[in-house]
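Coordinate analysis (summary)
These are the residues of each chain, in order.
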Amino acid sequence: MILKHRSLCIFLVFAFLGALLAGAGITAKAKGIPSLWDGTVDTSWYDPNVPQKEYAISSAPQLAGLAQLVNQGNSLEGTTIRLHSDLDLAGHNWIPIGNQLEADIDLSGTDLSPIPTFGGTFEGNGHIISNLTIGSQSSPYEGSCAGLFGSVNGHISNLSLENASIFFSPKAQGGQAYAASAILCAYLGESGSVDHCLAANSSLSAVSLPTSRLLASGGLVGICYGKISSASVREGSLSDPNGFGTLGGLCGAAGPGSVLKLCSSSGEICGIENAVASFAGGLLGAALGDNGKNAASVQRCCAQGTVTGGTWSGGLIGNASNTVVENCYTTVTVKNAVYGGGFLGIG
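Let me sum up the structure you'll find in this document. (Residues numbered from 1 in each chain as written. Predicted model: local features only at pLDDT ≥ 70, side-chain atom pairs only at ≥ 80, totals over all residues. Heavy atoms only, no water.)

Here's the deal with the overall build of the protein chain
Put simply, the rule reads: Helix and strand assignments follow DSSP, with helices taken as H or I runs no shorter than four residues and strands as E runs no shorter than two, numbered in order from the N terminus. The rule is simple: take the accessible area with a 1.4 Å probe, protein chains only, and divide by the maximum for that residue type; under 20% is buried, over 50% is exposed, in between is partly exposed. The contact definition used throughout considers only heavy atoms, calling two residues in contact when any of these lie within 4.5 Å. Where accessible areas are quoted, they stem from the Shrake-Rupley method and a 1.4 Å probe; at the residue level, only the protein chains shown are allowed to cover.
Helices and strands together make up the secondary structure of the protein chain, namely 2 helices and 35 strands. Sorting the 347 residues of the protein chain into buried and exposed places 56% on the buried side. For the protein chain, the share of sequence-separated contacts (at least 6 apart) that also reach a separation of at least 24 residues comes to 83%. For the protein chain, the accessible surface area stands at approximately 13,100 Å², while carbon and sulfur atoms represent 49% of it.

Observations regarding helix 2 (residues 60–71)
Which entries qualify depends on this criterion: Between the first and last residue of a helix there are one fewer steps than residues, each counted as 1.5 Å, and that sum is the expected span.
For helix 2, which comprises 12 residues, the first-to-last C-alpha distance of 17 Å matches the rise-based estimate of 16 Å (1.5 Å per residue) to within 8%. Looking at helix 2, one finds that the buried residues are Ala 60, Pro 61, Gln 62, Leu 63, Ala 64, Gly 65, Leu 66, Ala 67, Leu 69 and Val 70. Where helix 2 is buried, its residues meet strand 2 (35–36), strand 3 (54–57), strand 4 (80–83), strand 5 (87–88) and strand 6 (121–130). Of the residues flanking the end of helix 2, it is Gly 73, one or two places downstream, whose phi is positive at about 110 degrees.

Some words on the side chain of Asp 240
Applicable threshold: Any N or O atom pair separated by 3.5 Å or less is treated as a polar contact, with the protein-specific requirement of one donor-capable and one acceptor-capable atom, and with residues adjacent in sequence counted only for side-chain atom pairs.
Looking at where Asp 240 falls in the secondary structure, it is placed in the loop between strand 20 (232–239) and strand 21 (246–248). There is a polar contact of 2.9 Å between the side chain of Asp 240 and the side chain of Ser 208.

Considerations on the environment of Gly 341
Of note, Gly 341 is situated in strand 34 (residues 339–341). The sequence separation of Gly 341 and Trp 312 amounts to 29 residues, and the corresponding C-alpha distance is 8.1 Å.

Some thoughts on the packing of aromatic side chains
Put simply, the test is: Any two rings among Phe, Tyr and Trp, with Trp reduced to its six-membered ring, count as a pair given centres within 6.5 Å; such a pair is stacked if its planes are under 30 degrees apart, edge-to-face if over 60, and tilted if neither.
Applying the stated criterion across every chain, the model contains 10 aromatic pairs. Ring geometry for Trp 37 and Trp 94: centres 5.4 Å apart, planes at 70 degrees, overall edge-to-face. Of this pair, Trp 37 sits in the loop between strand 2 and strand 3 while Trp 94 sits in the loop between strand 5 and strand 6, and the two are 57 residues apart along the sequence. For Trp 37, a relative accessible area of 6% translates into the label buried. Note on Trp 94: relative accessible area 2%, which makes it buried. Relative to Tyr 55, the ring of Tyr 46 has its centre 5.3 Å away and its plane inclined at 50 degrees; by these criteria the two rings are tilted. Taken together, the ring pairs connect Trp 45, Tyr 46 and Tyr 55 into an aromatic cluster.

A short note on the nonpolar core
Inside soluble globular proteins, nonpolar side chains tend to come together where they are buried. Rules: Put simply, buried Ala, Val, Leu, Ile, Met, Phe, Trp, Tyr and Cys residues joined by side-chain atoms within 4.5 Å make one nonpolar core.
In terms of nonpolar packing, the biggest core is built from 77 residues, with Leu 66, Trp 94, Leu 148, Leu 184 and Ile 228 touching the most fellow members. By residue number, the principal contributor to this core is helix 2, which donates 7 residues. Other than its neighbours up to four places away in sequence, Leu 66 contacts Trp 45, Ile 57, Leu 76, Ile 81, Ile 97, Phe 118 and Phe 122. With 11 residues, the next largest nonpolar core counts Ala 180, Ala 186, Tyr 187 and Leu 214 among its residues.

Concerning the side chain of Ser 297
Here Ser 297 shows up in strand 27 (residues 296–299). Overall, Ser 297 belongs to the buried group, its relative accessible area being 11%. For Ser 297, the side chain forms a polar contact with the side chain of Gln 299, separated by 2.8 Å. Setting aside chain neighbours within four positions, we find Ser 297 in contact with Ser 258, Val 259, Leu 260 and Val 324.

Quick notes on the pairing of strand 26 (residues 284–288)
What counts, and what does not: If DSSP finds at least two bridges between two strands, the strands pair.
For strand 26, a buried count of 4 out of 5 residues is recorded, marking the element as mostly surrounded by other parts of the structure. Sheet analysis places strand 26 next to strand 30 (residues 317–321), joined by 4 bridges and oriented parallel. The residue of strand 30 that forms the bridge with Leu 288 is Ser 321.

Re the sheet that holds strand 34
Within the open sheet, the 7 strands sit side by side as 9-13-17-21-25-29-34. Their pairing is parallel. Sheet topology places strand 9 (145–146) and strand 34 at the edges, where each strand pairs with a single neighbour. Both strand 25 (residues 279–281) and strand 29 (residues 312–314) contribute to a ladder of 3 bridges, which runs parallel. Counterpart to Phe 279 in the pairing with strand 29 is Trp 312.

Structure follows, in structure tokens:
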């Protein structure tokens, strides 16, 4: 890992930390009464025989219709979806938009784009989606990904999520479970981006499996090969009761070429004490670039809160390999980890 400019002026550091954790640049409109979801699906806004470059969504059933279209194989690449209203998903069980990952995801260098995936642009227009619910404690959602979006190779911007609740258990595939979960987006491909997005007062419990080589869970994004900028998690709660996965306050794991810039996270991350093999970080669980010029990059980011447990746990990043970290700061308390560091767990 390469660290740059860690000796920032204390005043500027705390001013920067406060601005990010206040969600600088992220505004929620919250106008009027949100559209309440009754569990139904509406795809009438989309006519495959008359394709358009832009579509407007103003109800929760229409958002569920977007999920149905993408999960049936329509990536909507080159299409912009604009949200025109706050939505309340009302605790009905949600199926992710792009709900499947391919089995072989290799963070050491190979980006295998999962299918189905959302390839368009989702413009939130500053609106709020509340009460996203996936699974329950007694019946976790089983699959390869969980989040409002599962797999994304497009763009998500200007969207806030509040009071989300996810209970996720990866489904083993061929003896291994390669899986990702997050409040906003489980898997962000190398051509994907997330900017000016927020997850607030939300919780995620991901039950890792002993056979799993990779289960990455994050407060906003699970696995990132693309770019995340000006994004925040406020008062998030992440947990892995089995202790075999990777947890990050904002992002679970970042692969080669990924960029996190001007991001922040606050909340509680709970692994287990004496975990067998896991990474946990206040901002990022693991940042794994490659040995060439395709390093992962973390720029001007910060974190606060608590990280408990894990094998390699850090206040900012659990594991940083072939990663450039610039002008970052953390006040996270790390406790009960096998190998814990105020900034890094290992790197």
